[in-house]
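# Architecture and fold: a report
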Amino acid sequence: MFRKINVSMLLIVFLLIGLSGCAGETDQQRRDREEKMRQDAAVATAKAKPALEAAGKEINQAADRAVEDARAAVQGAKEGWSGNHELVDLNISTEEDVKGLPGITAHEAHAIIGHRPYKDKHELVTRHILAQSTYDGISGRITVR
């Protein structure tokens, strides 16, 4: 027990000596220590910045892919719900095939055929051939090859 007390006392003495050494630090030593910490932090941040920026880009790309995959999955679910249908290619299908799409009138089918070729199926909306709501009803059944 006496030995434990002596060891404890020695630890306390060393701690007090160490603390008094920190307390004896001059203002200049404290400023120098703080400046070194700031410089070290700046260097570490500069080194980490390119990796963090690259990781951010990768996260954005992964998020974009996830959105595309989710849209494709939703479209597939829509198609599965309404039954499997062959896709109507806007650039080569007959007017009768286009008229066979749900909600497409003969006038709309004629306009779709008349505005060929298409680079993207959404051009039906951007070219003002169909309303967005009509397009939404057939988007899973059409393609552009």
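Our structure is the block above this text.
Quick look at the structure, then. Keep in mind that what you see is a predicted model, and the values were worked out from it rather than measured. (Residues numbered from 1 in each chain as written. Predicted model: local features only at pLDDT ≥ 70, side-chain atom pairs only at ≥ 80, totals over all residues. Heavy atoms only, no water.)

So, about the overall build of the protein chain. The helix and strand inventory of the protein chain stands at six helices and two strands. In sequence order, the secondary structure elements of the protein chain are arranged as α-α-β-α-α-α-α-β. The buried share among the 145 residues of the protein chain stands at 19%. Taking contacts inside the protein chain between residues at least 6 apart in sequence as the whole, the part at least 24 apart equals 47%. When the accessible surface of the protein chain is summed, it comes to about 11100 Å², and 61% of that surface belongs to carbon and sulfur atoms. (Helix = DSSP H or I, 4+ residues; strand = E, 2+ residues; numbered from the N terminus. Buried < 20%, exposed > 50% of the residue type's maximum accessible area, 1.4 Å probe, protein only. Contact = heavy atoms within 4.5 Å. Areas by Shrake-Rupley, 256 points an atom, 1.4 Å probe, with all protein chains shown as cover.)

In this section: the nonpolar core. Ile112, Leu124 and Ile142 are the most contacted members of the largest nonpolar core, which has 17 residues in total. Looking at this core, the element that brings in the most residues is helix α4 (residues 106–114), giving three residues. (Core = buried A, V, L, I, M, F, W, Y, C linked by side-chain atoms within 4.5 Å.)

All right, on to the environment of glutamine 75 then. Here glutamine 75 shows up in helix α2 (residues 27–82). The sequence separation of glutamine 75 and serine 139 amounts to 64 residues, and the corresponding C-alpha distance is 8.4 Å.

Our focus in this paragraph is α4. Among the residues of α4, Glu108, Ala109, Ala111 and Ile112 are the ones counted as buried. Taken around the axis of α4, the buried residues stretch over an arc of 160°, which confines them to a single face. Opposite the buried face of α4, by more than 90 degrees, sit the exposed residues His107, His110 and Gly114. Against α3 (95–99), α5 (123–126) and α6 (132–138) lie the buried residues of α4. (Arc of directions from axis to C-beta.)

What follows concerns the pattern of salt bridges. If you walk through the whole model with that rule in mind, you get six salt bridges. Salt-bridge contacts for glutamate 25 lead to arginine 33; the nearest nitrogen and oxygen are separated by 3.0 Å. Its relative accessible area of 27% is what places glutamate 25 among the partly exposed residues. A salt bridge links lysine 99 to glutamate 96, with the shortest nitrogen-to-oxygen separation between them at 2.9 Å. Here the residue lysine 99 and the residue glutamate 96 both occupy positions in helix α3, the gap between them amounting to three residues, near one helical turn. Under the relative-accessibility criterion, lysine 99 is labelled partly exposed at 31%. (Salt bridge = Lys/Arg side-chain N within 4 Å of Asp/Glu carboxyl O.)

With that settled, the discussion passes to the environment of leucine 87. Along the chain, leucine 87 turns up in the loop between α2 and β1 (88–89). Along the primary structure leucine 87 and arginine 141 are separated by 54 residues, whereas in three dimensions their C-alpha atoms are 4.9 Å apart. When near neighbours in sequence (up to four residues on either side) are disregarded, leucine 87 contacts Gly140, Arg141, Ile142, Thr143 and Arg145.

With that settled, the discussion passes to the environment of glutamate 86. When you line up the elements, glutamate 86 lands in the loop between α2 and β1. Here glutamate 86 falls in the exposed class, since its relative accessible area comes to 72%. Between the alpha carbons of glutamate 86 and threonine 143 there is a distance of 9.8 Å; along the sequence they are 57 residues apart.

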